[in-house]
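For reference, the chains in residue letters:
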Amino acid sequence: MIGVPGLRWADLSPTGSPVLWRMAHEGSMASLSVRTVGAWTCPIDGWLTLSAGTRAAYPRIPCGQNPGDPVRRGDIWYAPMAANARQINLKSYFRAAAGSLGDAVHRAGAGIAAIGPGGALAAADSTGGLDAYAPAPETFHDWDRYRVTIVDLEDVVRPYLGAGVSPHRPARVGVAQRAAAVRQADAEIGRVLAAVPPGGNVVVAGLSDESDAPHLRAVIARGPAFAPGHYLRSASTRRDGLTILPDLTATVLTAAGLSVPAQVVGDPWSHGGAYGEVSGAAEAMRGYDRAAQVVRGTVSGFFVAFVVCQLLVYALAAVGLRGSGGDRRRRVLTFARTLALAGAAVPASTYLVNLVPWWRASRPEPLLFAGVLAGAAALTAIALGGPWRREVMTPGTIVAGITALVAGVDLLRGSPLQMNSLMGYSPLVGGRYYGLGNIAFATFATGTLFFAAGIAHLLLRRDRRGWAAVAVIALGAAADVLSGSPGLGAKFGGTVALVPGTAVTALIVAGKRVTPLRVLGFALLGVATIATICWLDYLRPAGQRTHLGRFAGQVMSGDALPVIARKLHAMLHTVGNIPLTLLTAAGVLFLFVVLLRTNGRGGGGPLTAAYERAPALRAGLTGTLVTSMSGFAIEDSGIAVPAIALTLAVPLAFAASARALADRPADGPGTGARDKTDDAIQLL
């Protein structure tokens, strides 16, 4: 195992790194997400994570500090930082057991050696001991004696974090200097490959960041355990060509023919699809990292702009709603309704834009934002492009249905659209690599419940109340299956939260009372649902389990409390996210202060007018609020769930209200013109 902290695919080329380029032809490749505990991963954090098989860090020392050479005592070498690092990480949120790699080797009666201080830290067992050590590859000669050898090559990272460089502000390194460092590391790797006995497995991994700008790192593997010409794949990510740092531990042990300890959360690599030409595969890896960098650099600005636009729509809507009637008010409401539907279409558009390889452009940021705006405009045009535009609920039902459909189909296809999406997840953050993300869950659940309410509205107009309730339950159950299935959404909290929201929507549609006791009962049903899913996942072989099955195992072993505490801490911490908190507060105030107000002349408020025309709207909105607040309490993303849910729910509610008011006589309440639903029924 050769660790080259800082190595990424942009460094590799036939001329700049000929050894690694040739190794890629002979072996397998992937990108490596090296996220550990902090926003960026120091080399020492990478070595400790390799040692533990789960996220680890050493926060008490400068990022570039050398772990120090081991000290020999008899036949054993002891890494100086290993014992202290183990104690620190056992008390951390991740309970990382540094030394798991070395323990697994020694438990099998085999030997483990290290070259370089970082390699020694990774190879040390729980006592800090390892079997052999050399400060550099040229001084090590027993390559065929030890089952596992860990090599530390820090040529790439040294200019950034070397001696004399501030640990908190890495040095700026020019292109030529970095290229020279890569050539030096490549030459060192060549000498190691020449010394390794034939038939050995070799892994080269860029297992840390070199600065405070995180990147995906390069991984190349060669040997009998790896299929030449294929992307590496991991059960941790379920994606060809993407692995995570804890996978290295499981892979090293598996390739060495050793058992993987239970505390290792990573999974051994398997071979994915064939990549053909190395140049094309390497460019795909670079593009993947480029997309992650663009999203990382623009996501904050996107959400700020999104929040501001939502607030402006709310303000414009409030002005239109305060008007006294006439054509001017109607025009303002129509314009605000169009903008509201466009805003509600943005979440689906942020996923659909990934159907186009915008990251290949010379200036990808403008193309990304242009694609999002174009997608939102297209969805709005569909919603308002037919005779159904004059109806109260149907335009919003179309937007909600497309949103739910996009998220659902994406889950069935392995979630390619959520990865590196502005409202999805990022491999640089490392919170999730497959399934249903927290923000995507909020849009998926809200879209499903509003779409179900829209279908119920059409059935209620035909006096099919029973079928309307059945339709809501069927759509909600289908969404919950997609959300909770380990092979699809693998969503714990969302699966719990969607059950009471669906039940409340169905109860209102069916004309039944919604009581706190009933809501609590359905919430417990949601808990029972996810508990059953977790248990069934736990019964599968250990290598096939998702985090749901692992959590079930942690509950049974008594180790679940740290996980719950970490999730609770993350949830509470999200309340300090000013844009999301402001968006939640603005949506709630607009909903309850503006849309539900009375007009002072005996008439109901704007939302009441919509309820008169489409009673099912109340069901969809109430169910969404129940699900979003349940998600806030359960999900580690906390405030993000109601914030994103309201960005879809409130505009859809306003769009229905604006249309209902446009048809209401100016001098008081009324039922307005009858909906013309025949066209919409045939469309849907």
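To be clear, the structure that these remarks concern was listed above.
This text gives an overview of the structure that appears in the document. (Residues numbered from 1 in each chain as written. Predicted model: local features only at pLDDT ≥ 70, side-chain atom pairs only at ≥ 80, totals over all residues. Heavy atoms only, no water.)

A few words now on the nonpolar core. One finds Leu607 and Phe654 to be the most contacted residues of the largest nonpolar core, which totals 86 residues. Counting residues per element, this core draws most heavily on helix H22 (residues 640–663), which supplies 17 residues. If sequence neighbours within four positions are ignored, Phe654 has contacts with Ala317, Leu321, Leu333, Ala336, Arg337, Ala340, Phe590 and Leu595. In terms of nonpolar packing, the next biggest core, distinct from the first, is built from 56 residues, Ala96, Leu121, Tyr160 and Trp269 among them. (Core = buried A, V, L, I, M, F, W, Y, C linked by side-chain atoms within 4.5 Å. Buried < 20%, exposed > 50% of the residue type's maximum accessible area, 1.4 Å probe, protein only. Helix = DSSP H or I, 4+ residues; strand = E, 2+ residues; numbered from the N terminus. Contact = heavy atoms within 4.5 Å.)

A separate point is the layout of surface pockets. By volume, the second largest pocket is sized at about 660 Å³. The wall of the second largest pocket is formed by 26 residues, among which Ala284, Gly287, Tyr288, Trp359 and Arg360 lie closest to the centre. Of all the secondary-structure elements, those providing two or more residues to the lining of the second largest pocket are strand S11 (230–233) and helix H9 (278–321). Here the lining of the second largest pocket takes 8 residues from H9, the largest share from any one element. When the residues that make up the lining of the second largest pocket are grouped by side-chain class, the tally is 13 nonpolar, 5 polar and 8 charged. (1 Å grid on protein atoms, 1.4 Å probe; cavity = no way out; pocket = protein on both sides within 12 Å on 5 of 7 lines; lining within 4 Å. Points joined across faces, edges and corners; volume = space filled by probe spheres on them. Nonpolar A, V, L, I, M, F, W, Y, C, P; charged D, E, K, R; others polar.)

Attention shifts here to the pattern of salt bridges. For the structure on display, the rule yields 13 salt bridges. With a closest N to O distance of 3.3 Å, Glu210 and Arg178 form a salt bridge. One end of the pair, Glu210, is in the loop between strand S9 (202–205) and strand S10 (217–222); the other, Arg178, is in helix H7 (residues 175–195), and 32 residues separate them in sequence. Judged by its relative accessible area of 2%, Glu210 falls in the buried class. For the salt bridge of Lys491 with Glu635, the shortest nitrogen-to-oxygen distance reads 3.3 Å. Taken together, the residues Lys491 in the loop between helix H14 (465–484) and helix H15 (492–509) and Glu635 in the loop between helix H21 (616–634) and H22 connect sequence positions 144 residues apart. Residue Lys491 is classed as buried on the basis of its relative accessible area of 3%. Note on Glu635: relative accessible area 5%, which makes it buried. (Salt bridge = Lys/Arg side-chain N within 4 Å of Asp/Glu carboxyl O.)

The subject of this paragraph is the state of the cysteines. Overall, the coordinates contain 1 disulfide when judged by the stated rule. With its sulfur 2.0 Å from that of its partner, Cys42 forms a disulfide with Cys63. Disulfide Cys42-Cys63: the torsion about the S-S bond is -125 degrees, which places it as left-handed. Of this pair, Cys42 sits in the loop between strand S2 (28–33) and helix H2 (43–52) while Cys63 sits in the loop between H2 and strand S3 (71–73), placing them 21 residues apart in sequence. (Disulfide = S-S within 2.5 Å.)

Now for the sheet that holds S3. With antiparallel pairing, the 3 strands of this open sheet are ordered in space as S3-S4-S6. The sheet terminates laterally at S3 and strand S6 (129–130), the two strands that pair on one side only. Across 2 bridges, the pairing between strand S4 (residues 76–78) and S6 is antiparallel. Bridge pairing in S6 links Tyr78 to Gly129. (Pairing = 2+ DSSP bridges.)

In this structure, Ser415 takes a positive phi of about 60 degrees despite not being glycine. Of note, Ser415 is situated in the loop between helix H12 (394–412) and helix H13 (438–460).

What follows deals with the environment of Arg286. Turning to its location among the elements, Arg286 is positioned in helix H9. For Arg286, a relative accessible area of 19% gives the class buried. When the C-alpha positions of Arg286 and Asp11 are compared, they lie 9.6 Å apart, and in sequence the two are 275 residues distant. Ignoring anything within four residues of it in the chain, the contact list for Arg286 reads Trp9, Ala10, Leu12 and Trp21.

Of note, Arg659 is situated in helix H22. The contacts of Arg659, once residues within four sequence positions are left out, are Arg337, Arg389, Arg390, Glu391 and Val392.

Our next topic: the packing of helix H19 (residues 578–595) against helix H20 (residues 606–613). Interhelical geometry of H19 versus H20 gives an angle of 80 degrees and a closest axis separation of 7 Å. On the basis of their axis angle, the class for H19 and H20 is roughly perpendicular. Between H19 and H20, the contacting residues are Leu591, Val594 and Leu595 on the first element and Pro606, Leu607 and Thr608 on the second. Grouping the constituent residues of the contact of H19 with H20 by class yields 5 nonpolar, 1 polar and no charged. (Axes fitted to C-alpha atoms, helices over the stretch in contact; angles between N-to-C directions. Parallel < 35°, antiparallel > 145°, perpendicular 65-115°, else oblique.)

A few words now on the packing of aromatic side chains. Within the structure shown, the criterion is met by 12 aromatic pairs. Ring-pair connections join several aromatic residues into one group, and the members of that group are Phe302, Phe303, Phe306 and Phe369. (Phe/Tyr/Trp six-rings, centres within 6.5 Å; stacked < 30°, edge-to-face > 60°.)

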